Amino acid sequence: MAKTSTKPKTKTKTKKGKKAYESQGVNASYCVVFLLIIALIVAITVSVVTTQTLKSLGGIVGVSKIEVFDHIADNYIESMDFTVGEDNQPTTKNMTGYGVSDEDGVFYITFDFTPYTVESNNRVPDGETRHAIIYFWKDEERGTYSHAFSYHDDASYHPDGAYVKIDE
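Residues numbered from 1 in each chain as written. Predicted model: local features only at pLDDT ≥ 70, side-chain atom pairs only at ≥ 80, totals over all residues. Heavy atoms only, no water.

Caption draft 1: Spatial organisation of the pairing of strand E6 (residues 144-152). In this sheet, E6 lies alongside strand E5 (residues 130-139) in antiparallel orientation, the contact comprising nine bridges. Note on E6: the bridge partner recorded for Ala132 is Tyr151. Linking two consecutive strands that pair antiparallel, namely E5 and E6, is a turn of four residues; a positive phi of about 70 degrees is found at Gly143 within it. (Pairing = 2+ DSSP bridges. Helix = DSSP H or I, 4+ residues; strand = E, 2+ residues; numbered from the N terminus.)

Caption draft 2: Spatial organisation of the layout of surface pockets. Reported here for the largest pocket is a volume of approximately 190 Å³. In terms of lining residues, the largest pocket is bounded by 13 residues, among which Thr96, Ala155, Ser156, Tyr163 and Lys165 are the most central. Of all the secondary structure elements, the ones that give two or more residues to the lining of the largest pocket are strand E2 (89-101), strand E3 (107-119) and strand E7 (161-165). The residue inventory of the lining of the largest pocket, partitioned by class, reads five nonpolar, five polar and three charged. (1 Å grid on protein atoms, 1.4 Å probe; cavity = no way out; pocket = protein on both sides within 12 Å on 5 of 7 lines; lining within 4 Å. Points joined across faces, edges and corners; volume = space filled by probe spheres on them. Nonpolar A, V, L, I, M, F, W, Y, C, P; charged D, E, K, R; others polar.)

Caption draft 3: Structural view of a negative patch on the surface. Residues Glu86, Asp87, Glu119 and Asp126 make up a contiguous surface patch of negative charge. Tracing the chain through its elements places Asp126 in the loop between strand E4 (122-125) and E5. (Patch = residues over 30% accessible without salt bridge, like charges linked within 9 Å, V, L, I, M, F, W, Y side chains within 5 Å. Areas by Shrake-Rupley, 256 points an atom, 1.4 Å probe, with all protein chains shown as cover. Salt bridge = Lys/Arg side-chain N within 4 Å of Asp/Glu carboxyl O. Lys, Arg positive; Asp, Glu negative; His and termini not counted. Charge placed at Lys NZ, Arg CZ, Asp CG, Glu CD.)

Caption draft 4: Geometry of the pairing of E5. In terms of residue burial, E5 counts as a mostly covered element, since seven of its 10 residues are buried. When E3 meets E5, the two strands line up antiparallel, connected through seven bridges. Directly across from Phe107, in E5, lies its bridge partner Phe136. (Buried < 20%, exposed > 50% of the residue type's maximum accessible area, 1.4 Å probe, protein only.)

Caption draft 5: Inspection of empty space enclosed by the protein at higher detail. According to the stated counting rule, one finds one cavity of 30 Å³ or more in the structure shown. The calculated volume of the largest cavity comes to roughly 50 Å³. Lining the largest cavity are Thr96, Thr110, Phe111, Asp112, His131, Ala132, Ile133, His152, Asp154, Ala155 and Tyr157. Taken together, the residues that form the lining of the largest cavity break down as five nonpolar, four polar and two charged.

Structure below.
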């Protein structure tokens, strides 16, 4: 006769809700956030460096542009045919500054002028130094710029607004 076993039958139970494995590392979402923060820092650094580089190039170009403008404006004032009096007496001219008027946004150049006569191939001042301003504005009708002069007794006069004084 065969013997029957009296071993109780037990089922192996697994607990639901627990992972079969446990992670020993960092959660994946933390890695993504960390990588995004690093990418943001790199992007900010690159933009700051690029901005500083462009500003320095703009500054270099701006300084050169102003130096060239000073030279061109000075030559314009010196070479303009500017006479005084009924006998059209010639004048020496010296640019003293330039600016933009707050009132109407018109660009202007200030200058001093002195009438002269020619004696023995030399220019001899023949009168007092006077002060003037030449204003420039866009003439939409003709597609160019127009200009006008004003004369002043005060050498330091110029319209309110941005002004650059030329030091000799």
